[in-house]
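# Structural overview
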Amino acid sequence: MSAYRTGDPLDRRRFLTAAALRGATVIGTGALSASALSTEVLGTRVTGTTGVIGATALGAVDADAAFAAPIRPLDPSVARSAFAEGRIAAINGDVLEVAGSYGDHSRVRITGATSVWKGRATTAADIETGDGLYARGLPLPDGTLAADAVWVNIVNLHATIRGIERTRLHLAHGQHEIIGNLMAERTSAAYGDASPTADLSRLTIGQSAQVLGAWRPSDGSVDLVRVAVAPGAGRRR
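Structural notes, computed from the coordinates. (Residues numbered from 1 in each chain as written. Predicted model: local features only at pLDDT ≥ 70, side-chain atom pairs only at ≥ 80, totals over all residues. Heavy atoms only, no water.)

### As for the overall build of the protein
To keep it simple, the criterion reads: Put simply, DSSP H or I for four residues or longer makes a helix, DSSP E for two residues or longer makes a strand, and each gets a number counted from the N terminus. For every residue, the accessible area obtained with a 1.4 Å probe (protein chains only) is divided by the maximum for its type, and the residue is called buried under 20%, exposed over 50%, and partly exposed between those limits. Whether two residues touch is decided by their heavy atoms; if any such pair falls within 4.5 Å, the residues are in contact. In short, Shrake-Rupley with a 1.4 Å probe defines the accessible areas, and a residue's cover is counted only from the protein chains shown.
Within the protein, the regular secondary structure consists of 1 helix and 15 strands. Here the protein holds 237 residues, and 50% of them are scored as buried. Put simply, of all contacts in the protein between residues at least 6 apart along the chain, 63% involve residues at least 24 apart. As presented, the protein carries roughly 11,000 Å² of accessible surface, and 50% of it is formed by carbon and sulfur atoms.

Here it is, written out as structure tokens:
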């Protein structure tokens, strides 16, 4: 099972960047075996068949939470969260069959309490075979990971803006060229320490940027959610 303890060093950005480049890289070390759970999480019992989890027990569920340091539950009776990653090979009802980075396999169970992000907050109906997945949840006795949060095709990478068009950015990440799709009313820019804004006019060719978005497996492009440039960048002369 491709799952990792909260105490392990997790290089999420390395794995999620690789997804955008059609690669696969491990996000951590120290595989976590499934353990029997008989604890109640936020008043809801976790079992091998239901696996409902309260998201607030494990951390935030927005896009940035995929890269945040895992929290440690204050209540010792609450099991520590685990993680799974890879490409979705099959969808069997509420269970996602995931091929991990090392050729391993994990099973991620979607519940009524699972938060799903795919470029935006959405539902499990938007998850497709072939998507990349990064999931956080609790391991169940049957070996599945009951997910409280699933980030589908999420990428967070450092790139250089090489070209700007009305509906897309041309980005360079190392030796890779990536097309970033600009989405009306959804793509924002962050200039230095300022809050994100819908004003993209101050993005310029040659700027270094940190890009948060959702990878499109069909063509390898990225739907841009946020483009952040360094402090001082984007100032009008």
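### With respect to the pairing of strand 4 (residues 95-99)
Which entries qualify depends on this criterion: Any two strands are treated as partners once DSSP identifies two or more bridges connecting them.
The element strand 4 is extensively covered by neighbouring structure, given that 4 of its 5 residues are classed as buried. As paired strands, strand 3 (residues 82-92) and strand 4 are joined by 5 bridges and run antiparallel to one another. Considered in strand 4, the bridge of N92 is made with V95. Taking the residues between adjacent antiparallel strands as the criterion, strand 3 and strand 4 are bridged by 2 residues, where G93 takes a positive phi near 65 degrees. In terms of strand pairing, strand 4 meets strand 5 (residues 105-109) through 5 bridges, oriented antiparallel. Within strand 5, the residue paired with V98 across the bridge is S106. Here strand 4 hands over to strand 5 after 5 residues, with G103 in that stretch at a positive phi of 80 degrees.

### Some points on the side chain of N153
Where we set the bar: Pairs of N or O atoms within 3.5 Å make up the polar contacts considered here, provided that, within protein, one atom can donate a hydrogen while the other can accept it, and that residues adjacent in sequence are counted only when both atoms are side-chain atoms.
By the secondary structure assignment, N153 is in the loop between strand 9 (145-152) and strand 10 (154-164). Polar side-chain contacts of N153 include one of 2.5 Å to the backbone nitrogen of G132.

### A look at the nonpolar core
What counts, and what does not: Throughout, nonpolar core names a set of buried Ala, Val, Leu, Ile, Met, Phe, Trp, Tyr and Cys residues whose side chains join them through atoms within 4.5 Å.
Counting residues in each nonpolar core, the largest one holds 18 residues, and the members touching the most others are L169, L171, L203 and L224. Put simply, the parts of the chain that give this core at least two residues each are strand 10, strand 11 (168-173), strand 12 (176-182), strand 13 (188-191), strand 14 (208-215) and strand 15 (222-229). When sequence neighbours within four positions are dropped, the list of residues in contact with L224 reads L169, L171, G180, N181, L182, M183, T187, V211, L212 and G213. Ranked by size, the runner-up nonpolar core spans 15 residues in total, among them A82, V108, L145 and V152.

### Here's the deal with the pairing of strand 12
Pairing of strand 11 with strand 12, which is carried by 6 bridges, proceeds in the antiparallel orientation. When the sheet's bridge partners are listed, R168 is paired in strand 12 with N181. Hairpin geometry of strand 11 and strand 12 is characterised by an intervening segment of 2 residues between the two adjacent antiparallel strands and by a positive phi of about 60 degrees at G174. As defined by bridge partners, strand 12 adjoins strand 15 across 3 bridges and the pair is classed as parallel. Within strand 15, the residue paired with G180 across the bridge is V222.

### Concerning unusual backbone geometry
Look at N153: it is not a glycine, yet its phi comes out positive at around 60 degrees. Of note, the phi angle at E185 is positive, near 65 degrees, even though the residue is not glycine.

### Here we look at the environment of Y134
Assignment of secondary structure puts Y134 in strand 8 (residues 132-139). For Y134, a relative accessible area of 1% translates into the label buried. On a C-alpha basis, the gap between Y134 and I154 in space is 7.9 Å, while along the polypeptide they are 20 residues apart.

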